[in-house]
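Commentary on secondary and tertiary structure
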Amino acid sequence: MTRSSPASATDNLRRWWADAVGYQVYVRSFADSDNDGVGDLGGVLAKLDYLARLGVDFVWITPFYPTPGDDWGYDVADYCDVDPLFGDLATLDRLVAAARERDIRIVTDLVPNHTSSSHRWFQAALGNSGAADRERFRDYYIWRDPAPDGGPPNNWVGYFGGPAWTLEPESGQYYLHLFLPSQPDLNWRNPAVAGEWDDILRFWLDRDVAGFRVDVAGGLVKDAGLRSNPQLLPIPPRASRWEQWDCFEHLYDVFQPESQDVFRRWRKICDEYGAFLHGETYHLDPRGMDDLLPPDGMHGGYWFAPMHIDWEPAAIRRTLRGPSSALAGRLLWAMSSHDMPRAPTRFAPGSDARAHDDGWGAARTLAFNVLAAFLPGTLVLYQGEELGLADGEVAAEDKLDPVGPDDDVGAGRDGCRTPMPWGDGPHNGFSAAEPWLRSAARPAGETAAAQSQDERSWLGAYRALLDVQQRARPALSNGTAGGNGAVEWTDRGSGEVISYRRGRLAVAANVGDTACEVPLEDGATLLYDSATACRHPGADPSGASTQDAADGVHLLPPASAAVWQI
Ligand code: NOJ
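Everything in this summary refers to the structure shown in the same document. Everything numeric here is computed off the predicted structure, so don't read it as measured data. (Residues numbered from 1 in each chain as written. Predicted model: local features only at pLDDT ≥ 70, side-chain atom pairs only at ≥ 80, totals over all residues. Heavy atoms only, no water.)

Turning our attention to the sheet that holds strand β15 (residues 516-519). Strand order in this open sheet of three strands is β15-β18-β17, and the pairing throughout is antiparallel. Two strands close off the open sheet at either side, each with one partner strand: β15 and β17 (547-548). One ladder, built from four bridges, connects β15 with strand β18 (residues 553-556); its direction is antiparallel. Bridge assignment links C516 to a residue of β18, and that residue is L556. (Pairing = 2+ DSSP bridges. Helix = DSSP H or I, 4+ residues; strand = E, 2+ residues; numbered from the N terminus.)

The largest bend in helix α16 (residues 458-476) amounts to roughly 35 degrees and is located at Q470, with the proline P474 lying one to four residues further along. Counting buried positions along α16 yields 14 of 19 residues, so the element is predominantly enclosed. (Bend = angle between axes of the 7 residues up to and from the residue. Buried < 20%, exposed > 50% of the residue type's maximum accessible area, 1.4 Å probe, protein only.)

Turning to the environment of W156, a few remarks are in order. In this fold, W156 is placed in the loop between β4 (143-144) and β5 (165-168). Overall, W156 belongs to the buried group, its relative accessible area being 1%. A C-alpha to C-alpha distance of 45 Å links W156 and S477, two positions 321 residues apart in sequence. Those residues in contact with W156 that lie beyond four places of it in its chain are P163, A164, W165, L176, K222, L226, R227, S228, N229, Y252 and D253. One polar contact links the side chain of W156 to the main-chain carbonyl oxygen of R227, over a distance of 2.9 Å. (Contact = heavy atoms within 4.5 Å. Polar contact = N/O pair within 3.5 Å; in protein donor to acceptor, adjacent residues only side chain to side chain.)

At a minimum axis distance of 11 Å, the contact between helix α7 (residues 191-205) and helix α9 (residues 259-273) shows a crossing angle of 20 degrees. Judged by the inter-axis angle, α7 sits roughly parallel to α9. Along this stretch, α7 crosses α9, giving a crossing that reads as right-handed. Residues A194, G195, W197, D198, L201, R202 and L205 of α7 form the contact with α9, whose own contacting residues are R265, W266, I269, C270, E272 and Y273. Its residues assigned to classes, the contact of α7 with α9 shows eight nonpolar, one polar and four charged. (Axes fitted to C-alpha atoms, helices over the stretch in contact; angles between N-to-C directions. Parallel < 35°, antiparallel > 145°, perpendicular 65-115°, else oblique. Left-handed = near helix turned anticlockwise from the far one by under 90°. Nonpolar A, V, L, I, M, F, W, Y, C, P; charged D, E, K, R; others polar.)

If you want it as structure tokens, here you go:
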């Protein structure tokens, strides 16, 4: 195993993730190499050439550690191994090495807020491995006596609905879990927990993993006194999990400043290896992002606001411009993930995304990705985004994801997690076996095989975008080491065209519903036009360019974006 160059040698250079493009692999649904119906690390290995051709710099793989699978891998039973369902450590090593040969880095998922209840630490804390272990591990988790009425110690609710506390009948104490009862929260106020995690980070970094996405990075340390949160509203009967969560002001359960001490410590470790430490920083308020990303904390964090907007010019502009310039270069831009409906579904006009959309949801998603791709920071595509995929169709009886009060699978995240459509044949070429999550077959035109043959497919358009973005990096940073190429917004701050300049590049998108003309700068060279890069629903079907240099204008159809060198 090779070790990446230490930060002392690289500190003064541009960090490798600046202006890089990442790709999220939801491992269960990406590619199945052993035909058991579940995607695995061998499947990722087999698709590296596809990822290299797409042009991504790193791949974030969702958890592949031993797990009972209650939260599909986010309930980890051993942080330093691979679940046999997904492969083994030798496959992971092969994958990391084969990716490096293609200039792709592998980034893994750390899940430090909670373990699985099957983890040996929690089993020990329950007393299942003897009294001495119970003594040692009990305080790895958060236990409290019941409230005077016998109920939970405070009023915290879980992200998946219901109380955040479960009673352990043997001891008569409650333990805390911000997610499922089988995901007990670690006690980050116990220094022994932090010590364990230093070893976990080094275990993976020594295997040449290039960085970590930190799950629930707003969690970890809890209020020392575990005070109840102020309640804003009574919880309505049959409230969804989000409605339950929103009934409280979350002063004491999440976003505690002490969590930053953990990230400062991890930052030092990651800097030794030149690794990229970034978090699931789920805060929709830009000021909250500043708190979650102090300069000496994680290198970066996901900015989730774009996943929560409608296709509406003011909202798009706000999410792009919102975060403070202090965070420039430190945000990860992602439009979709394994937790949210895919962007083409969210952005589809009308109520029935698949039946009436005609590609508008995918066109809007591409236009947003063009805007984000040239801003400081790191663009991350979710698997299948490059194929323009809307959510897969999962019949009510096949739904699996139990988030929501009373294990409400209807509230779950299955639609964005259906298997990747690689080609024709059973299960769209994902696996010879029935996939773990059953869904309707995708039409041939949505598969990677068909789109690979067609330059003006969504895949062709994303390949071209990533190619342009990669070539443009020197022009973005003005070619200087560590240069960030500040953004100058060139639109009016309102209206349907959003545009900016960065370095020697100009980017403009039409986020309205009718075509708009944008004035061309003198000598501007068109590098990319999403309306002609694919069969855009609003463009000339012949694919002819709509730039008229003589008139000094470029016509942007609705939901399209273009990039120029100036
Ligand atoms: C965020 C992950 O992305 C999600 O899938 C998971 O359920 C929760 N964190 C809990 O780990």
